[in-house]
Amino acid sequence: MTTSVQQADTVQAELLGLATELAAEMAVPADRRDGAAIRRGWERIELQRRRASALLRRERRRGRDSDAGEARAGHKDVRDRKKALTQLRQRIDMWDQMRDLVARHVAPRRVPIRTARTLATEDGLAILLHNAVYLLANPHTQTPEARAHGCFADIPMPLPQFDMLMIAAYRLLLAQGRTEGARFLDVGSGGGTKVLLASHYFAACDGLEYDTAYAAAGARAMQLVAPETCRVMQGDGLTFEHYGDYDVIYFYRPLNEDALLARLEERIFTRARPGTIILAPYNTSLRPRPDLDGAKVADPVFIAGVSQREADDLRRKAEYTGLEIVRRPRDFPFDTGFWSPILEAAQFNGG
């Protein structure tokens, strides 16, 4: 006699096979994607929904009282059944979310790389909290040494503008297929507020700050609120040796002299790995200069070590990705099971 655990395993194995086939269609670049094939793939998955839901309802109706007694007695088969059905329920609960996620891949809409997300970042409370964190993280004035070195004082970046740059960089990395473990660097990070914000998008985020008081305040703040993902280091961007360790580099005119800024631009472009996303939101010499090894994606977003044609191709690919962070299987608090191939193939957020 087939047990409920075996039935649940059978249903989920079949769904995994269908999801794997569908994921292969979703992963095709947008300009070559077969929307009809994606729809057919989802319809085959949808046919299994009633079967999976019926199995779950049937098991819920089975003697809960006797199950509770057996579970207290330590019956392994009861524990296994409960575990299998809990996993199935969690995955069935994701069904509508996955339907919407798949639908976004049928006929993807091209969204310019510089597109602001207005809902969260223009919320008054979010802006208030951002401004408060900025002041709390770095209450210090600029040191005379930093001023003499040519550094600007810590300059806040408005939250909506910063979010637009972060999601642009994230989409470009997504188009490159390398959001996993992405590293971010803010050159001239002050108290580290932007480092903390960037951790919403990237796995590891660092700040580099010349001013000793700013750097100390930022290091304390990051250690307090995000020690596993964020840090602020004291150092000089003009001599920093490790730009090649990062996937995204951001700098908001940390130096107040054009000649010094040009040196910084040159060092970053020279030391960054090919494909590194460089964000430089200021109106000055970088656009980029002919002697810099890189290309402009869309002002003020650049890519190091690529030709203009390569940058244009990457921008077009990135513009067919969504404006939200893609949720991968590891981002869920439970095992996503048969949905995992679709989540891994997704280029659009399912929320």
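The coordinates are above.
Parameters and conventions
Residues numbered from 1 in each chain as written. Predicted model: local features only at pLDDT ≥ 70, side-chain atom pairs only at ≥ 80, totals over all residues. Heavy atoms only, no water. Helix = DSSP H or I, 4+ residues; strand = E, 2+ residues; numbered from the N terminus. Buried < 20%, exposed > 50% of the residue type's maximum accessible area, 1.4 Å probe, protein only. Contact = heavy atoms within 4.5 Å. Areas by Shrake-Rupley, 256 points an atom, 1.4 Å probe, with all protein chains shown as cover. Lys, Arg positive; Asp, Glu negative; His and termini not counted. Charge placed at Lys NZ, Arg CZ, Asp CG, Glu CD. Axes fitted to C-alpha atoms, helices over the stretch in contact; angles between N-to-C directions. Parallel < 35°, antiparallel > 145°, perpendicular 65-115°, else oblique. Left-handed = near helix turned anticlockwise from the far one by under 90°. Nonpolar A, V, L, I, M, F, W, Y, C, P; charged D, E, K, R; others polar.

**Here we look at the overall build of the protein**
Of the regular secondary structure elements, the protein holds 15 helices and seven strands. Expressed as lengths along the three principal axes of its C-alpha atoms, the size of the protein is roughly 80 × 50 × 35 Å. For the protein, the residues scored as buried account for 49% of the 351 residues in total. When contacts within the protein are restricted to residue pairs at least 6 apart in sequence, those whose partners lie at least 24 apart make up 71%. Surface accessibility of the protein: about 17,000 Å² in total, with carbon and sulfur atoms responsible for 52%. Across the protein, the mean location of the 50 positive side-chain charges is 6 Å away from that of the 47 negative side-chain charges.

**Quick word on the packing of helix 1 (residues 4–26) against helix 2 (residues 35–46)**
In helix packing, the relevant descriptors are the interaxial angle and the interaxial distance, both defined with respect to the helix axes. Closest axis-to-axis distance for the helix 1/helix 2 pair is 9 Å, and the angle between their directions is 165 degrees. Comparing their axes, helix 2 and helix 1 come out roughly antiparallel. Relative to helix 2, helix 1 is oriented so that their crossing is left-handed. Across from Leu15, Leu18, Ala19, Glu21, Leu22, Glu25 and Met26 in helix 1, the residues of helix 2 making contact are Ala37, Ile38, Gly41, Trp42, Arg44 and Ile45. Within the contact of helix 1 with helix 2, the residues separate by chemical class into nine nonpolar, one polar and three charged.

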